[in-house]
Amino acid sequence: MAEKKRKWNVNDLPDLSGRTAVVTGANSGLGLAATDALARAGAHVVLAVRDTERGRAAAAKVPGSTEVRRLDLADLSSVREFADGWDRPLDLLINNAGVMMLPEQRTADGFEMQFGTNHLGHFALTNLLLPHVTDRVVTVSSGLHRGGDGVIHFDDVNLRGTYTPTRAYAQSKLANLLFVLELQRRLTEAGSRVRALAAHPGYAATNLQSHHANPLARLGMALGNRLLAQDDRAGTLPTLYAATQDLPGASYVGPDGLGEMRGAPTLVGRSRAASDPAAARRLWTLSEEMTGVTWTLGARAL
């Protein structure tokens, strides 16, 4: 009888000594779990957080080399300030931070909050830091990219008059995957060795679910977190796998269990809409127009 293959876990992380990583939203949940694992493996981890006091409290719990820098992805001036202050090689950028199913709100720049934070903030940050990145960019998406209307609302990504928390969240997570697809195409076109990958945690119990606009949905998610979800350390395994394993650019990693809800990290599929290169290019152009941040690595990728 064939021996059952052991599944990848955090103990399989390689030695990351001498490497530097930036993790957005690193003061709690999946971001803190990723920070802890990377630091334990020897990396110097920069916690990019909106609240530096909470960030320092989180960093104090992490063994290893860390520092805390302020980053508010819902404010492009903060994104630019963070990037302007970066002056050294960056091995790994983990675009982890996010907001989920909020009541309708706007960012400092007037964008719908979920699209503006989850996608546009990371789009701007990645492009501004890209000249420093030496290895890879990992962006955290969600299995819920298949939800909502399953499309990017190019006629109005801010969803004015059509907003629902689920529609906005699904659109932002679909945008994450299209961003990775087009980023990898541009990196390849430019002859860069940097890779862009995506990951999703499955159903992981974090504080994201506590902000749903609907009180009944918050209650349901709280029960789901207790009864069904895996913990944040298990939820961050796909991100860590994407960040450290030899995978092709534009790979998407998620849990291997039923419905990709929990389990060990493996390559997973995505929706047809998330695999559309034309939509990915269109989203990139729109994102450049909205943020004022443009592609500058190598020759212009058309």
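How each quantity is defined
Residues numbered from 1 in each chain as written. Predicted model: local features only at pLDDT ≥ 70, side-chain atom pairs only at ≥ 80, totals over all residues. Heavy atoms only, no water. Helix = DSSP H or I, 4+ residues; strand = E, 2+ residues; numbered from the N terminus. Buried < 20%, exposed > 50% of the residue type's maximum accessible area, 1.4 Å probe, protein only. Contact = heavy atoms within 4.5 Å. Areas by Shrake-Rupley, 256 points an atom, 1.4 Å probe, with all protein chains shown as cover. Phe/Tyr/Trp six-rings, centres within 6.5 Å; stacked < 30°, edge-to-face > 60°. Axes fitted to C-alpha atoms, helices over the stretch in contact; angles between N-to-C directions. Parallel < 35°, antiparallel > 145°, perpendicular 65-115°, else oblique. Nonpolar A, V, L, I, M, F, W, Y, C, P; charged D, E, K, R; others polar. Core = buried A, V, L, I, M, F, W, Y, C linked by side-chain atoms within 4.5 Å. Expected span 1.5 Å × (residues − 1). Pairing = 2+ DSSP bridges. Right-handed = clockwise from strand over helix to strand, strands pointing away. Salt bridge = Lys/Arg side-chain N within 4 Å of Asp/Glu carboxyl O. pLDDT = per-residue confidence, 0-100.

Along its length, the protein chain carries 9 helices and 8 strands. Burial statistics for the protein chain: of 302 residues in total, 55% are counted as buried. Expressed as a percentage of contacts within the protein chain between residues at least 6 apart in sequence, the contacts between residues at least 24 apart total 71%. Of the roughly 13,200 Å² that the protein chain leaves accessible, carbon and sulfur atoms contribute 51%.

Quick look at the packing of aromatic side chains now. Tallied over the full model, the rule gives 6 aromatic pairs. Taking the centre distance of 5.8 Å and the plane angle of 65 degrees together, the rings of Phe123 and Phe179 count as edge-to-face. Separated by 56 residues along the polypeptide, Phe123 in helix 4 (residues 113–129) and Phe179 in helix 5 (residues 165–189) bring together distant segments of the chain. Taken individually, Phe123 and Phe179 each receive the classification buried, so the pair is uniform in this respect. Judged by centre distance (5.9 Å) and plane angle (70 degrees), the ring pair of Trp284 and Trp295 falls under edge-to-face. With Trp284 in helix 9 (residues 277–291) and Trp295 in the segment after helix 9, the pair connects residues that are 11 residues apart, well separated along the chain.

This part takes up the packing of helix 4 against helix 9. Running from amino to carboxyl end, helix 4 crosses helix 9 at an angle of 85 degrees, the nearest separation of the two axes being 10 Å. When the interaxial angle is binned, helix 4 and helix 9 end up roughly perpendicular. Seen from helix 4, the contacting residues are Phe115, His119, Leu120, Phe123, Ala124 and Asn127; seen from helix 9, they are Leu283, Trp284, Ser287, Glu288, Met290 and Thr291. Class assignment of the residues belonging to the contact of helix 4 with helix 9 gives a composition of 7 nonpolar, 4 polar and 1 charged.

Take unusual backbone geometry next. Here the phi dihedral of Met101 falls at roughly 55 degrees; this positive angle occurs in a residue that is not glycine. Summarising the element assignment, Met101 is placed in the loop between strand 4 (90–95) and helix 4. Phi at Glu260 is positive, roughly 55 degrees, even though this residue is not glycine. Among the structural elements, Glu260 can be located in the loop between strand 7 (252–255) and strand 8 (265–267). Among the residues examined, Glu260 registers a relative accessible area of 23% and is labelled partly exposed.

In this structure, Val22, Phe82, Leu125, Leu129, Ile152 and Leu183 are the most contacted members of the largest nonpolar core, which totals 48 residues. Breaking this core down by element, the ones donating at least two residues are strand 2 (44–49), helix 3 (76–84), strand 4, helix 4, strand 5 (133–140), helix 5, strand 6 (195–199) and helix 9. By residue number, the principal contributor to this core is helix 5, which donates 8 residues. Not counting residues within four places of it along the chain, the set of residues in contact with Ile152 comprises Val157, Gln171, Leu174, Ala175, Leu178 and Leu283. Core analysis: the next-biggest nonpolar cluster, separate from the first, contains 31 residues, Trp8, Ala26, Ala37 and Ala243 among them.

Its 25 residues place the ends of helix 5 36 Å apart at the C-alpha level, agreeing with the 36 Å of an ideal helix rising 1.5 Å per residue. Positive phi appears at Gly191, one or two residues downstream of helix 5, with a value of about 75 degrees.

The next subject is the pairing of strand 3 (residues 66–70). Sheet topology places strand 2 next to strand 3; 5 bridges connect them, and they run parallel. By the bridge assignment, Val49 is partnered in strand 3 with Arg70. Taking the sense of rotation as the criterion, the β-α-β connection linking strand 2, helix 2 (residues 52–59) and strand 3 turns out right-handed.

Right, let's talk about the pattern of salt bridges for a bit. Inspection of every chain in the model, using the stated rule, returns 14 salt bridges. A salt bridge links Arg186 to Glu182; its shortest N-O distance comes to 2.8 Å. Placement of the pair is Arg186 and Glu182 together in helix 5, with a separation of 4 residues, close to one helical turn. Take Arg186 and Glu182: they sit in the same class, and that class is buried. Salt bridges linked by common partners bring Arg19, Asp91, Asp135 and Arg136 together as one network.

Here we have 8 strands laid out as an open sheet, ordered 3-2-1-4-5-6-7-8, and mixed in their pairing. Two strands bound the open sheet, and with one partner strand each, they are strand 3 and strand 8. Strand after strand, the sheet turns through a mean of 25 degrees between neighbouring axes, direction not considered. In the packing of helix 4 onto the sheet, contacts are made with strand 1 (20–24), strand 4 and strand 5, and the angle to strand 4 comes to roughly 175 degrees.

Now for the confidence of the model for the protein chain. Here the protein chain averages 92 in pLDDT, while 89% of its residues score no lower than 70. Counting contacts from residues 217–225, a segment whose pLDDT is below 50, to residues more than four positions away or on other chains yields 18 contacts.

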